[in-house]
Amino acid sequence: GFSRFLPFKPPYDQPEYIAFGGIVNSTQSVLEGDCWSDVKGSDKSFRIGVNYDDLRNNRSQWEEETMPMSRVGGLSVTLPNGELLLLNGAEQGMGNDYLHNPVRTAVMYDPDAPVGNRYRTVASSPIKRLYHNVAMLLPNGNVMIAGGEQGEAYSTANDGPWCGTNYDYTYEAEMYKPPYVFEPEKRPTITQLENGYPVGDDDDNVGFEFGDTIRVYYTTTPESSADVVVDGATITSPSAVTHGTEM
């Protein structure tokens, strides 16, 4: 499976952690000698509040939800609007070189929606992204997707020629455009930041210390309606991705 912390929001007193997918009953399958590409993937996610006192006193509980499909070896990307984009991977297999039945449809997870209404499917891709796939948020809000170093692994029980790695490298990269890209009236443009200090030789690189007050100036597009008001901002670190983890 794959996991991450949810966006950290005011009042910053309750971090939350979520784990997506993975495999079902893997230990039993390995012990019985089953083909690892036949191991069923999980369509469950588990979310928990990370509070020191609750964890220490065994008061924390996992919140279970059902995803639109099983997913093994996938990735999640936190978008600027606080939603999580789930993509890549497969519906079954032990992971690594044993992924089978690629998942080509991306899923959006809204952590602020009511339980049972947090998942929705979005765009699909014709390209399979299995072991060593990557996805990362770009400065313009799009998501770059690349990688995948194998084709599907097939079980001999399903008339496949092998049970294991099928090296079929994926060289194509893709750009995923989240729904907010197609709503220009809701996308202001930052024109100036005040109270920061310069970083490097690029005038656009500005640094701040923790606790600093940041004044942000912005403009809206001609399509913006008069009642569009920006009431918050998201600070996102540069992406670095490896093995199901975006750091």
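Because the structure is predicted, anything quoted here is derived from the model rather than measured.

Draft legend 1. Examining the overall build of the protein more closely. Helix and strand counts for the protein come out as two helices and 19 strands. The buried share of the protein, taken over its 247 residues, is 35%. Across the protein, the fraction of contacts at a sequence separation of at least 24, relative to all contacts at a separation of at least 6, is 54%. Carbon and sulfur atoms make up 50% of the accessible area of the protein, which amounts to about 14,700 Å² in all.

Draft legend 2. Up close: the pattern of salt bridges. With the rule as written, the count across this model stands at nine salt bridges. Arg47 is the partner of Glu16 in a salt bridge, and the nearest nitrogen-oxygen pair spans 3.0 Å. Taken as a pair, Glu16 in strand β2 (residues 16-20) and Arg47 in strand β3 (residues 44-49) lie far apart in primary sequence, 31 residues in all. Notably, a salt bridge pairs Arg120 with Glu83, separated by 3.0 Å at the nearest N-O pair. On the criterion of sequence distance, the pair formed by Arg120 in strand β10 (residues 119-124) and Glu83 in the loop between β5 (75-78) and β6 (84-87) is long-range, its members being 37 residues apart. A relative accessible area of 10% places Glu83 in the buried class. Three or more residues are tied together by salt bridges with common partners; here these are Glu63, Glu65 and Arg118.

Draft legend 3. Representation of the sheet that holds strand β9 (residues 105-109) within the structure. Taken together, the four strands give an open sheet; going across it, the order is β5-β6-β9-β10, and neighbouring strands pair in antiparallel fashion. Since the sheet does not close on itself, it has two edges, and those belong to β5 and β10, each with one partner. Between one strand axis and the next, the sheet turns through 25 degrees on average, direction left out of account. As defined by bridge partners, β9 adjoins β10 across four bridges and the pair is classed as antiparallel. Bridging across to β10, Met108 finds its partner in Arg120.

Draft legend 4. Expanded view of a nonpolar patch on the surface. Residues Ile190, Leu193, Val206, Ile214, Val216, Tyr218, Val230 and Ile235 make up a contiguous nonpolar surface patch of roughly 690 Å² in combined accessible area. Among the elements of the structure, β14 (189-194) and β17 (215-219) are those that each provide at least two residues to the nonpolar patch. Inspection of the secondary structure assignment puts Ile190 in strand β14. In this structure Ile190 comes out as exposed when scored by relative accessible area, which is 58%.

Draft legend 5. Broad picture of the confidence of the model for the protein. The pLDDT averaged across the protein works out to 83; a share of 86% of its residues lies at or above 70. The secondary-structure element of the protein with the lowest mean pLDDT is helix α1 (residues 26-31), recorded at 58, while β9 shows the highest, at 98.

Draft legend 6. Up close: the packing of aromatic side chains. Evaluated as defined, the whole model comprises six aromatic pairs. Here the aromatic rings of Phe20 and Tyr109 are separated by 5.8 Å at their centres, their planes lie at 80 degrees, and the arrangement is edge-to-face. With Phe20 in strand β2 and Tyr109 in strand β9, the pair connects residues that are 89 residues apart, well separated along the chain. In this structure Phe20 comes out as buried when scored by relative accessible area, which is 0%. Ring centres of Tyr169 and Tyr171 lie 6.4 Å apart, and the angle between their planes is 40 degrees; on these two criteria the pair is classed as tilted. On the accessibility criterion, Tyr171 (73% relative accessible area) is exposed. By way of ring pairs, the aromatic residues Phe2, Phe20, Tyr109 and Tyr119 are connected into one cluster.

Draft legend 7. Looking closely at the nonpolar core. With 14 residues, the main nonpolar core has Val77, Leu79, Leu85, Leu87, Ala135 and Val143 as its most contacted residues. Of all the elements in the fold, those that place two or more residues in this core are β5, β6, β9, β11 (133-137) and β12 (143-147). In this structure Val77 touches Arg4, Glu83, Leu84, Leu85, Leu87, Ala135, Met136, Leu137, Val143 and Glu246, once residues within four positions along its chain are discounted. Membership of the second largest hydrophobic core comes to 12 residues, among which are Phe2, Phe20, Met69 and Tyr119.

Draft legend 8. Representation of the side chain of Thr170 in the model. Among the structural elements, Thr170 can be located in the loop between β12 and β13 (174-176). With relative accessibility at 12%, the residue Thr170 sits in the buried group.

Thresholds applied
Residues numbered from 1 in each chain as written. Predicted model: local features only at pLDDT ≥ 70, side-chain atom pairs only at ≥ 80, totals over all residues. Heavy atoms only, no water. Helix = DSSP H or I, 4+ residues; strand = E, 2+ residues; numbered from the N terminus. Buried < 20%, exposed > 50% of the residue type's maximum accessible area, 1.4 Å probe, protein only. Contact = heavy atoms within 4.5 Å. Areas by Shrake-Rupley, 256 points an atom, 1.4 Å probe, with all protein chains shown as cover. Salt bridge = Lys/Arg side-chain N within 4 Å of Asp/Glu carboxyl O. Pairing = 2+ DSSP bridges. Axes fitted to C-alpha atoms, helices over the stretch in contact; angles between N-to-C directions. Patch = residues over 30% accessible without salt bridge, like charges linked within 9 Å, V, L, I, M, F, W, Y side chains within 5 Å. pLDDT = per-residue confidence, 0-100. Phe/Tyr/Trp six-rings, centres within 6.5 Å; stacked < 30°, edge-to-face > 60°. Core = buried A, V, L, I, M, F, W, Y, C linked by side-chain atoms within 4.5 Å.

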